[in-house]
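# Coordinate analysis (summary)
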Amino acid sequence: LGRTMEEWLRFSVCFWHTFRGTGADPFGFPTLIRPWDDGSNSLENARRRLRASFEFFTKLGVKYWTFHDRDIAPEGGTLSESNKNLDEIVDLAEQLQKKTGVKLLWATCNLFSHPRYMNGASTNPDAQVFAYAGAQVKKGLEVAQRLGAENFVFWGGREGFHSILNTNIRAELDHMATFFRLAVAYKKKLGFKGVFLIEPKPKEPAKHQYDYDAMTVIGFLRTYGLENEVKLNIEPNHTTLAGHAYEHDIVVASAYNMLGSVDANTGSPDLGWDTDQFPMDVRNATVVMQVILKQGGLQPGGLNFDCKVRRESTNLEDMFISHIGAMDTFARGLKNAARILEDGIIVRHVEDRYSSYKSGIGAKIEAGNTTLEELEEYVQTHGEPQRISGQQEHYENMLNFYL
Ligand code: GLO
Ligand code: NI
Ligand code: NI
Ligand code: NI
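Counting restarts for each chain, with residues numbered from 1 along the sequence as it is written. Going through the entries in the order they are written, you letter the chains from A and number the ligands from 1. With pLDDT at 70 or above as the cut-off, local features in this predicted model cover only qualifying residues; side-chain atom pairs require 80 or more to be listed or tallied, and sums for whole chains, interfaces and linings still use all residues. Each side-chain value is derived from all of the structure's non-hydrogen atoms; neither hydrogens nor water enter the calculation.

With that out of the way, let us pick up the overall build of the chain. Only DSSP runs of H or I with at least four residues qualify as helices, and only runs of E with at least two residues qualify as strands; both kinds are numbered from the N terminus onward. A count of helical and extended segments in the chain gives 16 helices and 10 strands. Radius of gyration means the value over C-alpha atoms here, while the globule rule gives 2.2 Å times the residue count to the 0.38 power. Its C-alpha atoms give the chain a radius of gyration of 23 Å, near enough to 22 Å, the size a compact globule of 403 residues would have. Principal axes of the C-alpha set define a box for the chain whose edges measure 80 × 45 × 45 Å. Within the chain, the proportion of its 403 residues that are buried is 49%. Residue-level accessible areas treat just the shown protein chains as cover; the underlying method is Shrake-Rupley with a 1.4 Å probe. If you sum the accessible surface of the chain, you get close to 20000 Å²; carbon and sulfur atoms cover 54% of it. Think of it in three bands: with a 1.4 Å probe and only protein chains considered, a residue is buried below 20% of the maximum accessible area for its type, exposed above 50%, and partly exposed in between.

The structure is reproduced here in structure tokens:
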């Protein structure tokens, strides 16, 4: 299909789970042993972590990485102190990128962990918090540009609410739109070329998150005139949290030319939270790769493993095995998807389902060139519609032949 497998599969390792994950959960203390990490908040420890991460990317053979400002460098007592810490670490990151050839798929700002963000960042009822988040994103964009980030992600960490009774939704969404406009303006001023991406998620940590799912975000962007400035980063575990099928938001975003990148992970169909597991399901990977092939690739986006190294993974080898297994899964998915498209059988079946729009009254509907009177007249001369068959099992059975 005109490109090498490596060009289609732009894998990326996330710094926050792989190098800041400790195995801690709401019920238990950290379990993971990282010999290079003394658990302290010092710059020296941050440097050791970063060096270890580049050793890992290189050994794994992955070309991209992703991070939040606050996972690579410690937050200071003031914004200037945090910025200074970040500059120190970004110096090292720049050297390591140059030395290894590993590139930055995207950077992002952590606007959700610090207590100041407990009621959100850009949607916080306190304007001072909005200002702080803006200042943090300004620095985040400068850092992203310096490191040659190909995208910049906004996951709306706590942009949402726990009670609709104390929340002015319209005001908060207006503020969120203002925040994006300011970020777009600064991006242009900087000359930063990375693509802005919003990552939808329906709940967790807030009970309701504004960036609920792909269509909600597309609606938000269009409502506020931001649809040409921002695309989407889809995480399938968030899609299933919203009650959709695994591939749903990938398909929806791509259908509207808004699929920018993928946080390639999975949940468990039987669990209701963001478990961030490594994707190991070939059927899911096949369907996702089919969408990516059809839209001509993800460039400048990629497949970022936003996946947790599990609490039980005390062995360092697990870090490798989990990433390698996930890469193998997508490689198989890519091969399957390529065969599906080359065979063209499933594609033709789907096209046939819509063939009545190719001529006659269907073609008029397609062209937006009809009236209700004309439709009534059509029904009167043609009678009851024929029923088109094509139940779900038929298509899933066809898909099975490629897995
Ligand atoms: C949380 C999200 C999170 C984002 C990251 C990038 O559920 O998946 O990990 O991807 O913060 O902003
Ligand atoms: Ni994510
Ligand atoms: Ni997530
Ligand atoms: Ni995540």
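Still to come is the rest of the account.
Axis definition: a line fitted to C-alpha atoms, over the contacting stretch in the case of helices. Angles run 0 to 180 degrees between N-to-C directions. Running from N to C, helix α5 (residues 79-100) and helix α6 (residues 127-146) point in directions that differ by 15°, and their axes come no closer than 11 Å. It follows that α5 is roughly parallel to α6 by the angle criterion. Where α5 crosses over α6, the handedness of that crossing is right-handed. For the pair α5 and α6, the contacting residues are Leu79, Asn83, Leu86, Asp87, Val90, Asp91 and Glu94 in the first and Tyr132, Ala135, Lys139, Val143 and Arg146 in the second. Classifying every residue of the contact of α5 with α6 gives 6 nonpolar, 1 polar and 5 charged. For this classification, under 35 degrees means roughly parallel, over 145 means roughly antiparallel, 65 to 115 means roughly perpendicular, and everything else is oblique. Two helices cross in a left-handed way if the nearer one is turned anticlockwise from the farther one by less than a right angle. They cross in a right-handed way if the turn is clockwise. Any two residues whose heavy atoms approach within 4.5 Å are treated as being in contact. Think of it as three bins: nonpolar holds Ala, Val, Leu, Ile, Met, Phe, Trp, Tyr, Cys and Pro, charged holds Asp, Glu, Lys and Arg, and polar takes everything else, Gly as well.

Another point: the sheet that holds strand β6 (residues 195-199). In spatial order, the strands read β1-β2-β3-β4-β6-β8-β9-β10; together these 8 strands close into a barrel with parallel pairing. Taking the axes of each pair of neighbouring strands and ignoring which way they run, one obtains an average angle of 30° across the sheet. In short, DSSP must find at least two bridges between two strands for them to pair. With 5 bridges joining them, strand β2 (residues 64-68) and strand β3 (residues 103-108) adopt parallel strand pairing. Considered in β3, the bridge of Phe67 is made with Ala107. Contacting β2, β3, β4 (151-155) and β6, α6 crosses the sheet at an angle of about 150° to β4.

Once that is clear, we can look at the site of ligand 1. Residues are classed as near a molecule or strand on a simple rule: at least one heavy atom within 4 Å of it. Neighbouring ligand 1 are 14 residues, the closest being His68, Glu199, Glu235, Asp274 and Asp306. His238 is positioned such that a nitrogen or oxygen atom in its side chain is 3.0 Å from an oxygen atom of ligand 1. When the free accessible area of ligand 1 is taken as 330 Å², the share hidden by the protein chains comes to 94%. At the level of secondary structure, the elements contributing two or more residues to the shell around ligand 1 comprise β3 and β4. A 3.5 Å cut-off defines polar contacts: any pair of N or O atoms within that distance qualifies, except that in protein one atom must be a possible hydrogen donor and the other a possible acceptor, and neighbouring residues in sequence count only when both atoms are side-chain atoms.

This part takes up the coordination of the nickel ion (ligand 2). Think of the donor list as every N, O and S atom within 2.8 Å of the metal, or within 3.2 Å for Na, K and Ca; water never makes the list, so a site can look incomplete. The coordination sphere of the nickel ion (ligand 2), as far as protein atoms go, consists of Glu199 (OE), Glu235 (OE), Asp263 (OD) and Asp306 (OD), spread over 2.0 to 2.2 Å. Counting the intervening residues between successive donors of the nickel ion (ligand 2) yields the motif E-x35-E-x27-D-x42-D. A gap of 3.9 Å separates the nickel ion (ligand 2) and the nickel ion (ligand 3), which Glu235 links by coordinating each metal. Linking Glu199 in strand β6 with Asp306 in the loop between β10 (303-305) and α12 (317-343), this pair joins segments that are 107 residues apart in sequence. The pair Glu199 / Asp306 is uniform in exposure class, with both members buried.

All right, on to a nonpolar patch on the surface then. Like-charged residues within 9 Å of one another, or nonpolar side chains (Val, Leu, Ile, Met, Phe, Trp, Tyr) within 5 Å, are grouped into patches, provided each residue has over 30% relative accessible area and no salt bridge. The term salt bridge refers to a pairing of a side-chain nitrogen on Lys or Arg with a carboxyl oxygen on Asp or Glu at a separation within 4 Å. Where nonpolar side chains cluster on the molecular surface, the patch consists of Val350, Tyr354, Tyr357 and Ile365 and spans about 370 Å² of accessible area. Topologically, Val350 is positioned in helix α13 (residues 345-353).

Time to look at the coordination of the nickel ion (ligand 3). Every protein donor of the nickel ion (ligand 3) is listed here as Glu235 (OE), His238 (NE2) and Asp274 (OD), and their distances to the metal cover 2.0 to 2.2 Å. One chain supplies every donor for the nickel ion (ligand 3), spaced along it as E-x2-H-x35-D.

We now examine the pairing of β2. Burial runs high along β2: 5 of the 5 residues are buried. Note that strand β1 (residues 11-14) and β2 share 3 bridges and pair parallel. Each residue of the ladder has a partner; that of Ser12, found in β2, is Tyr64.

Among the 5 residues that make up β6, 4 are buried, leaving the element largely enclosed by the rest of the structure. Relative to β6, β4 runs parallel, the two being bridged by 5 bridges. Residue pairing for β6: Trp155 is matched across the bridge by Glu199. As paired elements, β6 and strand β8 (residues 230-234) share 3 bridges and run parallel to each other.

Here we come to the pattern of salt bridges. For the coordinates displayed, the defined rule picks out 21 salt bridges. In this structure, Arg146 engages Glu94 in a salt bridge whose closest nitrogen and oxygen atoms are separated by 2.9 Å. Here Glu94 lies in helix α5 and Arg146 lies in helix α6, a separation of 52 residues in the sequence. For Glu94, a relative accessible area of 29% puts it in the partly exposed group.

What follows concerns the side chain of Thr239. Here Thr239 shows up in helix α9 (residues 236-241). Contact partners of Thr239, with chain neighbours within four places excluded, come to Ile234, His244, Ala245, Tyr246, His248 and Asp249.

Residues Leu50, Trp65, Ile72, Leu232, Leu303 and Phe330 are the most contacted members of the largest nonpolar core, which totals 94 residues. Among the elements that line this core, the one with the most residues is α12, at 8 residues. Among buried residues, those of type Ala, Val, Leu, Ile, Met, Phe, Trp, Tyr and Cys that are joined through side-chain atoms within 4.5 Å constitute a nonpolar core.

Here we take up helix α10 (residues 248-255). Turning to α10, its buried residues are Asp249, Ile250, Val252, Ala253 and Ser254. Its buried side turned inward, α10 meets α8 (214-223), β8, α9, β9 (259-263) and α11 (282-294). A positive backbone phi angle near 55° is found at Asn257, which sits one or two residues after α10.

Turning our eyes to something else, we now look at the packing of α6 against helix α7 (residues 169-190). Two numbers describe how α6 lies on α7: the axes approach to 10 Å, and their chain directions differ by 30°. Compared by their axis directions, α6 and α7 come out roughly parallel. In this structure, α6 meets α7 at a crossing whose hand is right-handed. In contact with Phe130, Ala133, Gly134, Val137, Lys138, Leu141, Glu142 and Gln145 of α6, α7 contributes His175, Thr178, Phe179, Leu182, Ala183, Tyr186, Lys187 and Leu190. The residue inventory of the contact of α6 with α7, partitioned by class, reads 9 nonpolar, 4 polar and 3 charged.

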